Amino acid sequence: QVQLVESGGGLVQPGGSLRLSCAASGFTFNRYAMRWYRQVPGKERELVAVIGRTSDTNYVDSVKGRFTISRDNAKNTVYLQMNDLKPEDTGVYYCNVPLYPLYWGRGTQVTVSS
């Protein structure tokens, strides 16, 4: 079964940085793209970043130039380096793999204070 365990969230001041990690298991990690989403209560879950099998990346416009998604296939882990954090980056961050039905872990809370 797909298992995704996010970590690395926390409270940070605007302009600060965090690195999120997602430990994945239950599937052949290097055969799938990996994705980071975020969600604020009362709002739709938003796709933030995607990394493909060959480490090609895509980002939502609001985080371009500030966030970097990466993967370590030897560790079955995907990362999200978040720099120059803004209050609007606050939310619960989830990693996800495009296997259906989608599996959602518990996420990790990122709070950017203002």
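Report follows, based on the coordinates. (Residues numbered from 1 in each chain as written. Predicted model: local features only at pLDDT ≥ 70, side-chain atom pairs only at ≥ 80, totals over all residues. Heavy atoms only, no water.)

## Here's the deal with the overall build of the protein chain
Rules: Runs of H or I in DSSP of at least four residues are treated as helices and runs of E of at least two as strands, each being numbered from the N terminus. For every residue, the accessible area (1.4 Å probe, protein chains only) is compared with the maximum for its type, and the residue is labelled buried under 20%, exposed over 50%, or partly exposed between those bounds. By the convention used here, residues are in contact when the closest approach between their heavy atoms is within 4.5 Å.
Within the protein chain, the secondary structure is distributed over 0 helices and 10 strands. Element order for the protein chain, N to C, with α for helix and β for strand: β-β-β-β-β-β-β-β-β-β. Taking all 114 residues of the protein chain together, 39% fall into the buried category. Relative to all contacts within the protein chain whose residues are 6 or more apart in sequence, the contacts with residues 24 or more apart total 53%.

## Observations regarding the environment of Phe29
Here Phe29 is to be found in the loop between strand E3 (18-25) and strand E4 (34-39). Those residues in contact with Phe29, other than ones at most four positions away along the chain, are Ala24, Met34, Arg71, Asp72, Asn73, Asn76, Thr77 and Val78.

## Looking at the sheet that holds strand E1 (residues 3-7)
Applied cut-off: For two strands to be treated as a pair, DSSP must find at least two bridges joining them. Structural elements are reduced to axes, namely lines fitted to C-alpha atoms, with helices fitted over the stretch in contact, and the angle between N-to-C directions of any two is expressed from 0 to 180 degrees.
One open sheet accounts for 4 strands, arranged E1-E3-E8-E7; its pairing is antiparallel. Looking at the sheet topology across the chains shown, the edges are occupied by E1 and strand E7 (67-72). Strand-to-strand twist across the sheet, computed as the mean angle between neighbouring axes with direction ignored, equals 15°.

## A short note on the state of the cysteines
Here is the rule: In this description, a disulfide is simply a cysteine sulfur pair whose atoms lie within 2.5 Å.
What the rule picks out here adds up to 1 disulfide. Across the disulfide, Cys22 is cross-linked to Cys95 (sulfur-sulfur distance 1.8 Å). On the S-S bond that ties Cys22 to Cys95, the torsion sits near 50°, and the link is right-handed. Pair noted here: Cys22 is in strand E3 and Cys95 is in strand E9 (residues 91-96), with a separation of 73 residues, a long-range link.

## Quick notes on the pattern of salt bridges
Pairing is possible between side chains that carry opposite charge, provided their charged atoms lie close to one another. What counts here: Note on definitions: salt bridges are taken to be side-chain nitrogens of Lys or Arg within 4 Å of carboxyl oxygens of Asp or Glu.
All told, the structure shown has 4 salt bridges when counted by the stated rule. The salt bridge partner of Arg38 is Asp89, with a shortest N-O separation of 2.9 Å. Placement of the pair is Arg38 in strand E4 and Asp89 in the loop between strand E8 (77-82) and E9, with a sequence separation of 51 residues. The pair Arg38 / Asp89 is uniform in exposure class, with both members buried. The network of salt bridges with common partners includes Arg38, Glu46, Arg66 and Asp89.

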